[in-house]
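Listed below are the residues making up each chain.
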Amino acid sequence: MIAEIGLAALWLAAALAVLQMVSGAAALRTGPAGEANPLAIYARPAAVVQAFLAVLAFLLLLRAFAITDLSLKLVASNSHSMKPLLYKLTGTWGNHEGSMLLWVGVLAASGGLLAGFEKRLPERTMGATLAVQGFVALGFYAFLLLASNPFERLPVPAAEGTGLNPLLQDIGLAIHPPTLYAGYVGLSVAFSLAMGALLTREVNPAFARVMRPWVLGAWVLLTLGITAGSYWAYYELGWGGWWFWDPVENASLMPWLAATALMHSVSVLAARDALRTWTIMLGVLAFSMSMLGTFLVRSGVLTSVHAFAVDPERGAFILGLLGLYIGGAFTIFALRAGAVAEGKRFAALSREGALVFNNVMLSAILAIVLLGTLYPLLTEAFDVRVSVGPPYFNPASAIFAIPMLLVMAVGPLLRWKSDKPARLQFELALIAALVIGVIALVSFFGRFPLLPLLGLGLAAALAVAALLPLKGRKLARVPVATWGMVLAHFGVAVSLFGMACEGAFSEEKLAAVAVGGTEQINDFAVTLDAVTPVAGPNWTAIEASLAVRQDGGEPVILTPQARNFWSPPQSTSESALLTKWNGQLYVVIGNQAEDGRWQIRIWWKPFVTFIWYGGLLIGLGGILAVAGRVKVDVTRRRAASKGDQRRADLEALGAAAPQPAE
Amino acid sequence: MRSVYLWVPLALFAFFAGLAAYMLTQEKDQFVESTMIGQPLPEFALDPAYAGLPGAAKADFTGKPRLLNIWASWCLPCIAEAPQLEALQKQGVEIVGIAIRDRPEDVANFLAKYGNPYSRIGSDAISEVQLAIGSSGVPETFVIDGKGVIRYQHIGDIRESDVAKLLAELEKAR
């Protein structure tokens, strides 16, 4: 019964999406006297009820996984009664159908939030936005109901489930995909708003202020999702790297790049009424990138280390949706954007100018990543197999990232509209001195690769420059949103520092070690004490016990494992990490050689953790920015409603008593 | 002039969508063929994988074409291909096995359970020979001619429909 209710809820939600679309579109057609179309009143309630239904459907699927309802095909093929409860629950979205249901659940929920609480937009723009949102949701309902029904029953219930990919039995999976999904969906709201504003030609600061929290929120979630995903790949895959330029990683990076540009652009639109077309363009682009990511990941047109359940037919369905939404959006953009009045002008040397420069650089990096990701697809059409990796991505993106980081250091110090370099002599000199000084200092101690070296110099300059906007201000008076910017920019410096250190100073050792043997790396002595078999709930493993002594001090025991899961049979490598304030020791156990020695791989990665600390700081900065904006907004609303109240009181008084003479 | 630029995103997108649609309809070949085809086998001499049969070495591949089967007792598709290997052996094909990362007792159990079509089985505990002949997974089967040259590579388990093809390749290598 439960599954049937879930399915019915989905169909009803889909029907409401149609109503939302039609009713929202009706809002665009006003009567001859300018009165609202009577159909238009249904759009908001349809969105709200739809949100409840879609979320209900997801909760019902969650329940089916929690109790391991093996009469459901999805549960039987992706879960197992012996799995720990937490992983049963995360298994709900650890598969194609469940994750698509989560997608539409979040999509409908954000549509509901928008319809329920957003009152600042003109009703026509709101109607158009909800129509677009309903149209997008409808496509995904169709995809779920026609091509990937999560509630499909088995003719005969299975006796036991066939498990979940053991690599995914990890707390990282509980957080990483839903975070990214919520981010993607947030961008879909930004997309709907952009299309709504484009359709009604109401691209103005008021619209930007409505769009901004959605973009910021989505951006925060993408930032945290990518950070978590990167750390997960780092410790779970056991390869010691933190970014592999894999198509699936790129699929999450591209929307982030577009969202970063969009976030800055929408701020300019809100504050200065400039960059109107840019903002619309980036709004469409950001959502295109998340849909493109979904397509690349789910269709299997590209080969990746991430083995998703790929299916060309589903790929064709997503490609169809992509063509419909993105093709449609770009067509409307081409037809309409010329009619959007030009925004305010500004000098090249101004805060707006710096932001435009950085947006162009971000877009260029996006183009580089997109080209690198799709290039194998292009060459395969001519039967040539290529693999594009770090030798292309690193230098090609650095060409644009380096000027971007330099401008990023200066940008927040510039004034809006126009500025003079003479005013910033001290700051410019400081930034230049830091970049050159740090590079010279590090080069003095040894020869290091160029990119990490530049990274170190830029990180130092950026860390200081990020704090400069606070100079000479009363810290208690600085708006929360500004703190957010400072923190996020500082986070970029921290992250960059971690990347550069990892690139420049990492040490690696691969050794065959007999039990009792010791290997030295940096100032750590690693002794193999014992190798023992251990068993978990659904796996067995060989576990090495390694005693790590730093400078001959007290030993710390690390226990890397080579695990074998039996349902389905698969082996994974569980790395063991020793985290110090200045880096991580990363140990992986390999196979046993003929002579009984064990292969042990050890890395010392100085300051590698700063990559993810930086990511967290960036995310935290984003959260502060959202909080600051919402706070200002709430205060404004309260003031406005107080004002209304007073005016109403005055009017009531005025009706009773004669007006006082001015 | 400005309005022309506004069409650029749509044009780029249309190009991508067309390419992706074309690629979706193409049969995807997931196999990576060994570049060792046409080359002589690398030098190797492996210890026996269990007590029942001798080990395998490059020197064994003389006189007539043979199959070289890369397998392991822990590999499920290897169970699936066992009947086809038996059928090939019944037709007079000599099959040399290389057991990858295996243990003698597991090898013996596997052969007792699923049949033993091999004339020799070498033990490759660290995938040394496997990598040297350009095999990227288990199971894989190579046709080696009488001079020790690799002539053909079959990737994945041998299905019933593949038996004829392998026999033909063996005949070609003669």
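Please refer to the structure higher up on the page.
Residues numbered from 1 in each chain as written. Chains lettered and ligands numbered in written order. Predicted model: local features only at pLDDT ≥ 70, side-chain atom pairs only at ≥ 80, totals over all residues.

## Focus on the overall build of chain B
Turning to step 1, where the next piece is worked out: Along chain B, the regular secondary structure elements total 6 helices and 5 strands.
Turning to step 2, where the next piece is worked out: The order of helices and strands in chain B, counted from the N terminus, is α-α-β-α-β-α-β-α-β-β-α.
Turning to step 3, where the next piece is worked out: C-alpha atoms of chain B, sized along the principal axes, occupy 80 × 35 × 30 Å.
Turning to step 4, where the next piece is worked out: Counting only residues that meet the buried cut, chain B has 35% of its 174 residues in that class.
Turning to step 5, where the next piece is worked out: Of the contacts made within chain B by residues no fewer than 6 positions apart, 76% connect residues no fewer than 24 positions apart. (Helix = DSSP H or I, 4+ residues; strand = E, 2+ residues; numbered from the N terminus. Buried ≥ 20, exposed ≤ 12 C-beta atoms within 10 Å, placed from the backbone. Contact = placed C-beta atoms within 7 Å.)

## A word on helix 5 (residues 96–117) of chain A
Turning to step 1, where the next piece is worked out: Taking 1.5 Å per residue, 22 residues should reach 32 Å; helix 5 of chain A reaches 32 Å between its end C-alpha atoms and fits that length.
Turning to step 2, where the next piece is worked out: Buried residues dominate helix 5 of chain A, accounting for 19 of its 22 residues. (Expected span 1.5 Å × (residues − 1).)

## Let's talk about the packing of helix 2 (residues 43–66) of chain A against helix 5 of chain A
Packed helices, taken two at a time, are described by the angle their axes make and the gap between the axes.
All names here are of chain A.
Turning to step 1, where the next piece is worked out: Running from amino to carboxyl end, helix 2 crosses helix 5 at an angle of 150°, the nearest separation of the two axes being 7 Å. Compared by their axis directions, helix 2 and helix 5 come out roughly antiparallel. Where helix 2 crosses over helix 5, the two elements pack in a sense that is left-handed. Listed contacts from helix 5 to Ala-43, Arg-44, Ala-47, Val-48, Gln-50, Ala-51, Ala-54, Val-55, Ala-57, Phe-58 and Leu-61 of helix 2 are Gly-98, Leu-101, Leu-102, Val-104, Gly-105, Ala-108, Ala-109, Gly-111, Gly-112, Ala-115 and Gly-116.
Turning to step 2, where the next piece is worked out: A class-by-class count of the residues in the contact of helix 2 with helix 5 yields 15 nonpolar, 6 polar and 1 charged. (Axes fitted to C-alpha atoms, helices over the stretch in contact; angles between N-to-C directions. Parallel < 35°, antiparallel > 145°, perpendicular 65-115°, else oblique. Left-handed = near helix turned anticlockwise from the far one by under 90°. Nonpolar A, V, L, I, M, F, W, Y, C, P; charged D, E, K, R; others polar.)

## Focus: the interface of chain A and chain B
How big an interface is tends to be stated in terms of the accessible area lost upon association of its parts.
Turning to step 1, where the next piece is worked out: Opposite the 25 residues of chain A that make contact, chain B presents 20 residues.
Turning to step 2, where the next piece is worked out: Of all the elements in the fold, those that place two or more residues in the side of chain A that touches chain B are helix 11 (312–336) and helix 12 (351–380) of chain A.
Turning to step 3, where the next piece is worked out: With 12 residues, helix 11 of chain A is the single largest residue contributor to the side of chain A that touches chain B.
Turning to step 4, where the next piece is worked out: Of the residues that constitute the side of chain A that touches chain B, the class distribution is 16 nonpolar, 7 polar and 2 charged.

## Observations regarding the pairing of strand 1 (residues 66–71) of chain B
Residues and elements named next belong to chain B.
Turning to step 1, where the next piece is worked out: Counting buried positions over the 6 residues of strand 1 gives 6, a clear majority of the element.
Turning to step 2, where the next piece is worked out: On strand 1, burial covers both faces: Arg-66, Leu-68 and Ile-70 on one face and Leu-67, Asn-69 and Trp-71 on the other are all buried.
Turning to step 3, where the next piece is worked out: Relative to strand 2 (residues 95–100), strand 1 runs parallel, the two sharing 5 bridges. By the bridge assignment for strand 2, Trp-71 is matched with Ala-99.
Turning to step 4, where the next piece is worked out: Tracing the backbone out of strand 1, into helix 3 (residues 76–90) and back to the parallel element strand 2 gives a crossover that is right-handed. (Pairing = 2+ DSSP bridges. Right-handed = clockwise from strand over helix to strand, strands pointing away.)

## Quick word on the packing of helix 15 (residues 450–467) of chain A against helix 16 (residues 480–505) of chain A
Residues and elements named next belong to chain A.
Turning to step 1, where the next piece is worked out: Following both chains from N to C, one finds helix 15 and helix 16 inclined at 160°, their axes separated by 8 Å at the closest point. One element, helix 15, and the other, helix 16, form an angle in the roughly antiparallel class. Handedness of the crossing formed by helix 15 with helix 16: left-handed. Taking contact as the criterion, the partners of Leu-451, Pro-452, Leu-453, Gly-455, Leu-456, Leu-458, Ala-459, Leu-462, Ala-463, Ala-466 and Leu-467 in helix 15 are, on helix 16, Val-486, His-489, Phe-490, Val-492, Ala-493, Leu-496, Phe-497, Met-499, Ala-500, Gly-503 and Ala-504.
Turning to step 2, where the next piece is worked out: Along the lines of polarity and charge, the residues of the contact of helix 15 with helix 16 split into 19 nonpolar, 3 polar and no charged.

## A short note on the sheet that holds strand 1 (residues 507–513) of chain A
All names here are of chain A.
Turning to step 1, where the next piece is worked out: Reading across the sheet, the 4 strands line up as 1-10-9-8 and stay open at both edges, with antiparallel pairing between neighbours. Strands with a single pairing partner mark the edges of an open sheet, and in this sheet they are strand 1 and strand 8 (576–580). The sheet shows a mean angle of 15° between the axes of neighbouring strands, taken without regard to direction.
Turning to step 2, where the next piece is worked out: Of the strand pairs in this sheet, strand 8 and strand 9 (residues 583–592) are connected by 5 bridges, and their pairing is antiparallel. Directly across from Leu-577, in strand 9, lies its bridge partner Tyr-586.

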